[in-house]
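# Examination of the molecular architecture
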Amino acid sequence: MVVILIGYMASGKSTLGRILAKKLNYEFLDLDDFIEKKENAAVSDIFNLKGEIHFRALETQYLKELLASKNNLVLSLGGGTPCYSNNMETILNADNTKSIYLKASIPTLITRLKNEKSTRPLIAHIETDDLLAEFIGKHLFERSQFYSLANATITTDNKIANDIVEELVLQLF
Ligand SMILES: Nc1ncnc2c1ncn2[C@@H]1O[C@H](COP(=O)(O)OP(=O)(O)O)[C@@H](O)[C@H]1O
Ligand SMILES: O=C(O)C1=C[C@@H](OP(=O)(O)O)[C@@H](O)[C@H](O)C1
Ligand SMILES: [Mg+2]
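Residues numbered from 1 in each chain as written. Chains lettered and ligands numbered in written order. Predicted model: local features only at pLDDT ≥ 70, side-chain atom pairs only at ≥ 80, totals over all residues. Heavy atoms only, no water.

For the protein, the name recorded in an unreviewed UniProt entry is Shikimate kinase, with Mariniflexile fucanivorans as its organism. One UniProt comment on the protein, placed under Pathway (unreviewed entry), says "Metabolic intermediate biosynthesis; chorismate biosynthesis; chorismate from D-erythrose 4-phosphate and phosphoenolpyruvate: step 5/7." (UniProt positions renumbered as here; feature names shortened; annotations may be inferred.)

Structure (structure tokens):
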């Protein structure tokens, strides 16, 4: 099986995916890290030097490669991956794949992203907390239509990582 974790920036995809993979004894890959290795460049640099459209093309290309070649894998996507190039359709139609939406509330996302703006090029330039909150609210609303297509949804607010991973395992088997 390939387990795919989707959700907004800072919903916990990368952190929880790693723990889940250990628990299942599956391989773990983070799509952003995979792109960085393959392209020998940081995601921020790809955005800033080659543009978001180029990054989205890479995301789609590597997502398809991984879905076609891997098994017993936990794959954490980037927050935007399901929202471009029919990627959600690709994920839903892939054999032996289970997609899970890690749903976090806007206040939780704001709190986390205030401290982690610099590594995320879409929000790195937003100067005030009020503008960041406004951006996250609107952006999450636009993206929710894609995230909510996942095979299952787990709410993550006020839960510690290990408890969320326990819930993930219950959803899978
Ligand atoms: N359940 C949780 N409780 C508290 N903090 C969390 C939880 N899950 C993730 N985090 C923290 O939130 C931040 C974003 O997590 P990350 O895994 O990078 O999210 P994503 O890959 O979805 O962008 C990190 O600092 C991480 O430690
Ligand atoms: O939401 C997005 O469009 C993005 C999310 C990031 O991943 P995380 O969701 O792991 O932060 C990364 O792929 C890139 O900065 C774009
Ligand atoms: Mg991540």
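Another point: the site of ligand 1. Taken together, 14 residues lie around ligand 1, and Ala-10, Lys-13, Ser-14, Thr-15 and Glu-116 are the ones closest in. Take Ser-14: an N or O atom from its side chain is 2.7 Å from an oxygen atom of ligand 1. One of the side-chain nitrogen or oxygen atoms of Arg-112 is found 3.5 Å away from a nitrogen atom of ligand 1. Contact with the protein chains removes 72% of the 570 Å² of surface that ligand 1 exposes when unbound. For the shell around ligand 1, the secondary structure elements donating two or more residues are helix H1 (13-24) and helix H8 (161-172). (Near = heavy atom within 4 Å. Polar contact = N/O pair within 3.5 Å; in protein donor to acceptor, adjacent residues only side chain to side chain. Areas by Shrake-Rupley, 256 points an atom, 1.4 Å probe, with all protein chains shown as cover. Helix = DSSP H or I, 4+ residues; strand = E, 2+ residues; numbered from the N terminus.)

One pass over the full model with this rule turns up three aromatic pairs. The interplanar angle of 80° and the centroid separation of 5.6 Å between the aromatic rings of Phe-34 and Tyr-62 together place this pair among those described as edge-to-face. On the criterion of sequence distance, the pair formed by Phe-34 in helix H2 (residues 31-39) and Tyr-62 in helix H4 (residues 52-69) is long-range, its members being 28 residues apart. Owing to a relative accessible area of 6%, Tyr-62 belongs among the buried residues under this scheme. Where Tyr-101 meets Tyr-147, the ring centres are 5.2 Å apart and the plane angle is 40°; that geometry is what we call tilted. You can see Tyr-101 sitting in strand S4 (residues 97-103) and its partner Tyr-147 sitting in helix H7 (residues 129-147), a full 46 residues away along the chain. Each member of the pair, Tyr-101 as well as Tyr-147, is classed as buried. (Phe/Tyr/Trp six-rings, centres within 6.5 Å; stacked < 30°, edge-to-face > 60°. Buried < 20%, exposed > 50% of the residue type's maximum accessible area, 1.4 Å probe, protein only.)

The next thing to look at is the sheet that holds S4. Strand order in the open sheet formed by five strands is S2-S3-S1-S4-S5, and the pairing between neighbours is parallel. Each edge of the open sheet is held by one strand with a lone partner, namely strand S2 (27-30) and strand S5 (152-155). In this sheet, adjacent strand axes meet at a mean angle of 20° when their direction is disregarded. Where strand S1 (residues 2-6) meets strand S3 (residues 73-76), four bridges bridge the pair, whose relative direction is parallel. (Pairing = 2+ DSSP bridges. Axes fitted to C-alpha atoms, helices over the stretch in contact; angles between N-to-C directions.)

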